[in-house]
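A structural walkthrough
Read off the chains here:
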Amino acid sequence: MTHLVLDKVSVHYDGRPAVERVSIDVAKHDFVVLVGRSGCGKTSLLNVAAGLVEPVRGSATIGGRPITAPGSDRAVVFQNDALFPWLSARENVAFALRLRGVRPDQRARRADELLRLVKLEGAGDKHIWELSGGMRQRVGLARALAAEPQFLLLDEPLGALDALTRERMQTTLLDLWTASHVGVLMVTHGIEEALVLATRIVVLAPGPGRVVRTFETAFSRRYAAGEPIRTIKADPAFAASRGELTDAIFEGEAA
Ligand SMILES: Nc1ncnc2c1ncn2[C@@H]1O[C@H](COP(=O)(O)OP(=O)(O)OP(=O)(O)O)[C@@H](O)[C@H]1O
């Protein structure tokens, strides 16, 4: 099985350490979430995985091959992803299909399949400026999946959304992850979001960024197995994990 592996990665900016010796292993079917206080290096690590930042020490590999640049095996989605506002939702997704070399006569059908996957069936003709924030973010995800990546790299993809839309998008993300068999590496500031989505949570601390705890979690697999998200969140085990994760994030911080 293909793994995306960061092995003892250190990142420096202008000679100053931002991340020290962090190791993360994402297999296909994993949903690994990075959490931690501001400045602990979450985005830097995602950028290493994306091939946008080169570590000063350690290695980043995918399927054993070094990551040296962005590649079609990884798709990145940011908080405010730039879609083309003058194109329709379908055309935005079709654009990514064109880059992949999909034949013109197949693009619209495939784009509609991807829009269906993110629950935007029927919105293909709408222009981006006609869509809500949550709908735009779903177009961004459909476009990312158009490249048929093995791994999705998500940097606060739901951060700009209102609380209710964000909650709904969490289950959309889980549905996508289940249906598309991609490995996910995601950054979030949301503690509950991390618990809902992750199969593994990596807690980082700043000064410089390092791993302080790793949690294996089962809530997202329970959702994937058919348990309703409300039931999962009402489980006392969920509240207990939330407390434990919060403690791990703020451990060592002056009260
Ligand atoms: N391009 C850059 N040039 C210089 N310093 C940088 C650069 N990018 C990040 N840093 C520094 O590296 C450290 C880690 O930043 P990074 O953005 O990876 O953390 P983060 O955990 O994602 O933060 P946040 O939660 O605030 O988004 C910070 O101290 C930041 O100031």
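As the structure is a computational prediction, the values presented were derived from the model and not from experiment. (Residues numbered from 1 in each chain as written. Predicted model: local features only at pLDDT ≥ 70, side-chain atom pairs only at ≥ 80, totals over all residues.)

**Things to note about the nonpolar core**
If you look at the biggest cluster of nonpolar residues, it comprises 74 residues, and the most contacted ones within it are Val33, Leu45, Ala49, Val93, Ala142, Leu153 and Leu185. A per-element tally of this core places helix α4 (residues 133-146) first, with six residues. Sequence-distant contacts of Val33, that is, excluding residues within four places in its chain, are made with Met186, Thr188, Ala194, Leu197, Ala198 and Ile201. (Core = buried A, V, L, I, M, F, W, Y, C linked by C-beta atoms within 7 Å. Buried ≥ 20, exposed ≤ 12 C-beta atoms within 10 Å, placed from the backbone. Helix = DSSP H or I, 4+ residues; strand = E, 2+ residues; numbered from the N terminus. Contact = placed C-beta atoms within 7 Å.)

**Quick word on the sheet that holds strand β6 (residues 74-77)**
Spatial strand order, β6-β7-β8-β3-β9-β10: six strands in an open sheet with mixed pairing. Unpaired on one side and paired on the other, β6 and β10 (210-216) mark the two borders of the sheet. The sheet shows a mean angle of 15° between the axes of neighbouring strands, direction not considered. Where strand β3 (residues 31-36) and strand β9 (residues 200-205) come together, five bridges link them in parallel fashion. Residue pairing across strands places Val35 opposite Val203, the latter belonging to β9. (Pairing = 2+ DSSP bridges. Axes fitted to C-alpha atoms, helices over the stretch in contact; angles between N-to-C directions.)

**As for the sheet that holds strand β2 (residues 16-27)**
Read across the open sheet, the four strands follow the order β2-β1-β4-β5; overall the sheet is antiparallel. At either margin of the open sheet sits one strand with a lone partner, and together these are β2 and β5 (65-66). The pairing of strand β1 (residues 3-13) with β2 spans eight bridges and is antiparallel. Each bridged residue has a counterpart across the sheet, and for Val5 the counterpart in β2 is Asp25. With respect to the sheet, helix α1 (residues 42-50) is in contact with β1, β2 and β4 (57-62), its orientation differing from that of β1 by roughly 125°.

**Quick look at the site of the ligand**
All residues adjacent to the ligand are Tyr13, Ala18, Gly36, Ser38, Gly39, Cys40, Gly41, Lys42, Thr43, Ser44 and Gly209. In terms of residues, the shell around the ligand owes the most to one element, α1, which gives three residues. In the shell around the ligand, the residues fall into three nonpolar, seven polar and one charged. (Near = placed C-beta within 6 Å. Nonpolar A, V, L, I, M, F, W, Y, C, P; charged D, E, K, R; others polar.)

**So, unusual backbone geometry**
In this structure, the amide linkage connecting Gly207 to the following residue, Pro208, adopts the cis form with an omega of -15°. Tracing the sequence through the fold places Pro208 in the loop between β9 and β10. For Glu148, which is not glycine, the phi torsion reads 50° and is therefore positive. Its location among the elements puts Glu148 in the loop between α4 and β7 (151-155). We note that His181 has phi near 60°; this positive angle belongs to a residue other than glycine. Checked against the element boundaries, His181 lands in the loop between α5 (163-180) and β8 (183-187). Residue classification places His181 among the exposed positions, given that 9 C-beta atoms sit within 10 Å.

**Description of the domain arrangement of the protein**
On domain assignment, one finds that the protein holds domain 1 (3-73 + 150-250) and domain 2 (83-148). The centre of domain 1, based on its C-alpha atoms, is set 25 Å off from the matching centre of domain 2. Each partner contributes to the interface: domain 1 provides 13 residues, whereas domain 2 provides 11 residues. Residue classes in the side of domain 1 that touches domain 2 are distributed as eight nonpolar, four polar and one charged. (Domains from an automatic or database assignment.)

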